Amino acid sequence: MSANSKQLLQPGAEAVITKGWLGAHRWLILRRSSQIGILLLFLVGPWFGWWIVKGNLSFSHTLNILPLTDPYIILQSLLAGHVSDKMALTGVLIVTVFYLLVGGRSFCSWVCPVNLLTDAAYWLRVRLGIKGSAHISRQTRYWILGMTLVAAAVTGSIVWEMVNPVSMMHRGLFFGFGLAWAVLLAVWLFDLFVMRHGWCGHLCPVGAFYSLIGKWSLTRIRLPLRTACNDCMDCFAVCPEPQVIRPALKAIGGTPPLILEANCTNCGRCIDVCSKDVFVFGTRFNHSVATVAGVSQVTPK
Amino acid sequence: MDNENTPSTAARRQFFADTARMACGVGLLGLGVGLYARHARALPPAAIRPPGALAEADFSAACIRCGMCVRDCPFNILHLAKPEEPLSTGTPYFVARQLPCEMCEDIPCVKACPTGALDHSLKDINKAKMGLAVLVDHETCLNFLGLRCDICYRVCPVIDKAITLDPQTNTRTGKHTLFIPVVHSDQCTGCGKCEKACPTEVASIKVFPLTMAKGQLSAHYRLGWVEKEKAGGSLVAPDAAHQYNMPEGMKYEHGKGLSPMPVQPPGVSAAPAPAPAPANGLPKALQGNKL
Ligand code: SF4
Ligand code: SF4
Ligand code: SF4
Ligand code: SF4
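Residue positions are given per chain, counting from 1 as you read along its sequence in written order. Numbering of ligands from 1 and lettering of chains from A proceed in the order in which they are written. In keeping with the predicted nature of the model, local features appear solely for residues at pLDDT of at least 70, side-chain atom pairs appear and are counted solely at 80 or more, and the whole-chain, interface and lining totals rest on all residues. By convention in this description, side-chain values take in all heavy atoms of the structure and omit both hydrogens and water.

Let's talk about the overall build of chain B
For clarity, the cut-off: Numbering of helices and strands starts at the N terminus; helices are DSSP runs of H or I of at least 4 residues and strands are runs of E of at least 2. Burial classes follow relative accessibility: with a 1.4 Å probe on protein chains only, a residue under 20% of its type's maximum area counts as buried, one over 50% as exposed, and anything between as partly exposed. Every residue pair with non-hydrogen atoms within 4.5 Å of one another is taken to be in contact. Here the Shrake-Rupley method, with its probe set to 1.4 Å, supplies the accessible areas, and only the displayed protein chains count as covering residues.
Check the secondary structure of chain B and you find eight helices and eight strands. The 291 residues of chain B split such that 36% are buried. Considering only contacts within chain B whose residues lie at least 6 apart along the sequence, 58% involve residues at least 24 apart. Accessible surface, chain B: about 17700 Å² in total, of which carbon and sulfur atoms supply 58%.

Laid out in C-alpha cells, this is it:
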C-alpha cells in the first residue's frame, strides 16, 4: 500500500505522529463521552431508578429543577395552534441561549443519539471502501424543515414527530422502541450504502433547525494558523460538513480565520486531525491570527 | 442558440431543475407524512389518554411526547405509543383492561406535563373525563343474566354515582330482580377500573374514548318532561280533565282501572243497581292501568 493511499484511508495519521494518538483524538473522545454520557444520564433512571433526568430530548427535567425543551418541537406545536405552558417555554429559553453560546449544531455532534449511528455508518462506509454516493443538495434539509413546519400548521398537529428518527431513537431507548428500530436501520443503511453523510448532512430537519441558531452562535472554530496549512486535506476528509471549511481556510472572499458557516457542528475533529494545529476553538469575535512562531496579531478589517 | 450553452445559463437551468426536483420530493414526503398522520387522528378504542388530556385534535398539537407523565405516574399505567401502534407516535395512553388509572388525588401526571397537553386546570380527579364506561355486552354481563356480580359497581371510585344498579323485573324467572348496571356520563371519569375488574372472560363493560362512547341528541331536541319541570307546568295548554265514556254505574281512575260507582240511595236514581262486575268480565282493553 503506497503512503498516499494509506493517508487517504486514514486521515489524521500524520497528526498521530506529531501529537500522539491521544492528542489526535482528544475532541473525538470528549465528544463520544458527551454523547454516551448524556444517554447514560437518561438511562440510569429506567435501569436503576436513579432519576437524575426524566423525560427525553423533547423535554427533560434534571434533578427536578432544570427544564430543557427542544425549541424545534415547540415551534411545531405553536404552528399547530398550541401555546405551551411556562415550564416548556422556560426550557426553550435555556436551550436556545445554551446553543447560542456553544454553537447551534453542537447539538448534532455532542448530544444527538442518531449521530452515533450515522458516524458508525460513515466509519463502516470508509472501511468497506464504498465510493458511490447519491447526489442531493445539502439545502434539502431546509426544504424538509420548511415542510415539517407547514405540515404542522396545515394539519394542526405535530406530524413530523410521527416519523422523526431523532426523537424516535431517543424515546425508544428509554420508553421502548417498538418498530422504531426499522426506521433507524433505514437511516443507517441509507448512510452506509446510498449516500455519504446522507441523513445528518443533507436531510435531517432537526440539524437544519439547530443550524439556524448556529448562524449567530458564539463558539466557533478558529484558524489562527491557517497559513501553516500544507493542503493534506485531512480536515476535509473527516469533516461531516466539509463545505464549511474552505472559505475560512483559504480566506475566500476575505473570510476571517473563523468557520462562520452555520452547519459546522463544532465536533472539533478538524482540530484533532490537523498535524499543523491550524484549528482551535474560539469565539466568533476573535479574528486574530498567529504566526507560526506563535505571535498573535489581528487581521486588518 | 449559442446562448443556451453558456455555462451560466446551463448552471441556472440546472439550478432550477434541482430546485424543482427537491421541492417535488419534499412535497411528496410531506404529503406522505400528512396522510400517515391523518390515520392517527382518531384514538383507537382501547387507548385511553391520561387525565386532563385536551380533546384529541388539540392534544396532537400540544403533546411533545416527552413522557414526563409516564414517569410520574406512580402506578406505571401509562405508555408512549410506538410507531406501529395506531395512535400518534410517542403520545401517552393506557389500556384499562391491563392497568386502569388509580385516580391519584394529587394527579401527578397532569402536574408533570410541561406543555399543558394535560390541562393543569384539572384539580379534582373526580372531574376527569379520560373516557366513558359502556356496558357493551348485555348478553354476557352477569347482572343481566340475573346474578349479583355487581363488581363494576363496587370497584368504581365514584361508587353509586358513575354506575348505579337499576332494579328491573327478571321476566325469565318471573319472580326475581335484575340489577342492571347503568353508567352515568356526567359522573364517570373513564378510569377503567370497572373494565379491569369485570370477571367475564372478555370484559362486558369497557371504557372508550369519549368521542366513541357518547351519543348526542340533535340540537333541536327538547325533553318534554324536563321543559315542563323547568317551566313549572305544561308548556302547550293546560291539561284537560280526561272524559271517559263509561258503562253505566262504572267509574275509571288512573292506575286503578274500572270500579263500580258508589251505590246511590235507592229511589234517587233510576239507574239499575250496578253489577258487581268482576274485572275479567270486562273487555280486555279496559282492564288494569293500560288505558
Ligand atoms: S443532523 Fe439530525 S440526526 Fe444528525 S446529528 Fe444533527 S440532529 Fe442528529
Ligand atoms: S391519576 Fe394517577 S394513576 Fe391515573 S394516570 Fe395519573 S398518575 Fe397514573
Ligand atoms: S407530559 Fe404532557 S407533553 Fe409530555 S408526553 Fe405527557 S402529555 Fe405529552
Ligand atoms: S363487573 Fe362485568 S359482569 Fe359484573 S356486573 Fe359489571 S359489567 Fe356485569
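Details of the nonpolar core
We count it as follows: What is meant by a nonpolar core is a set of buried Ala, Val, Leu, Ile, Met, Phe, Trp, Tyr and Cys residues, joined one to another through side-chain atoms within 4.5 Å.
In this structure, Leu78, Phe94, Met130 and Ile205 of chain B are the most contacted members of the largest nonpolar core, which totals 48 residues. Counting 45 residues, the second largest nonpolar core, distinct from the first, contains Val111, Val166, Cys235 and Ile245 of chain A.

Some words on the interface of chain B and chain A
So the rule is basically this: By convention, the term buried area covers the 1.4 Å-probe accessible surface removed from two parts as they join, with the contributions of both added. For salt bridges, the criterion is a side-chain nitrogen of Lys or Arg within 4 Å of an Asp or Glu carboxyl oxygen. As used in this structure description, the phrase polar contact means that two N or O atoms lie within 3.5 Å; if the pair is within protein, one of them must be able to donate a hydrogen and the other to accept it, and residues adjacent in sequence are counted only when both atoms belong to side chains.
In this complex, chain B contributes 38 residues to the contact, which on the side of chain A involves 43 residues. Both sides together, the interface formed by chain B and chain A hides about 3200 Å², and carbon and sulfur atoms give 71% of it. On the chain B side of the interface with chain A, the three residues burying the most area are Met22, Ile64 and Arg71 of chain B, jointly 20% of the side's total. Where chain B meets chain A, there are one salt bridge. Counting across the interface, chain B meets chain A through 12 residue pairs in polar contact (both at pLDDT 80 or more). Of all the elements in the fold, those that place two or more residues in the side of chain B that touches chain A are helix H1 (7–39), helix H2 (56–62) and helix H3 (68–72) of chain B. At 10 residues, H1 of chain B tops the list of elements feeding residues into the side of chain B that touches chain A.

Here we look at the site of ligand 3
Defined as follows: Near is defined per residue: the residue qualifies when any heavy atom it owns lies within 4 Å of the molecule or strand. Gly is put with the polar residues, along with every residue not named as nonpolar or charged; the nonpolar set is Ala, Val, Leu, Ile, Met, Phe, Trp, Tyr, Cys and Pro, and the charged set is Asp, Glu, Lys and Arg.
As a structural note, the neighbourhood of ligand 3 is formed by 14 residues, with Cys63, Cys66, Gly67, Cys69 and Cys113 of chain B the closest of them. Here the shell around ligand 3 is composed, by residue class, of 11 nonpolar, two polar and one charged.

Re the confidence of the model for chain A
Residue and element names in this part refer to chain A. To be explicit about the condition: Each residue carries a pLDDT value, the predictor's own confidence for that position, ranging from 0 to 100.
Scored by pLDDT, chain A has a mean of 88; 93% of the residues are at 70 or more. Segment residues 1–8: pLDDT under 50, and five contacts once partners within four positions in sequence are set aside and those in other chains are kept. In the predicted structure, residues 293–301 sits below a pLDDT of 50 and forms 12 contacts with residues beyond four places in sequence or in another chain.

Digging into the sheet that holds strand S2 (residues 59–62) of chain A
Residues and elements named next belong to chain A. Counted only if it meets this: Two strands are counted as paired when DSSP detects at least two bridges linking them. Angular values range over 0 to 180 degrees, each being the angle between N-to-C directions of two axes fitted as lines to C-alpha atoms, with helices fitted over their stretch in contact.
Taken in spatial order, the three strands make up an open sheet running S1-S2-S3, and their pairing is antiparallel. Edge positions in the sheet fall to strand S1 (53–56) and strand S3 (66–69), since each of these pairs with one other strand and no more. Adjacent strand axes in the sheet meet at a mean angle of 10°, parallel and antiparallel pairs treated alike. When S2 meets S3, the two strands line up antiparallel, connected through four bridges. By the bridge assignment, Ser60 is partnered in S3 with Leu68.

Brief notes about the environment of Phe175 of chain A
Of note, Phe175 of chain A is situated in helix H9 (residues 165–175). Here Phe175 of chain A falls in the buried class, since its relative accessible area comes to 13%. Once you skip the residues sitting within four places of it in the chain, Phe175 of chain A turns out to touch Gly55 and Asn56 of chain A together with Cys66, Gly67, Val70, Arg71, Leu80 and Lys82 of chain B.

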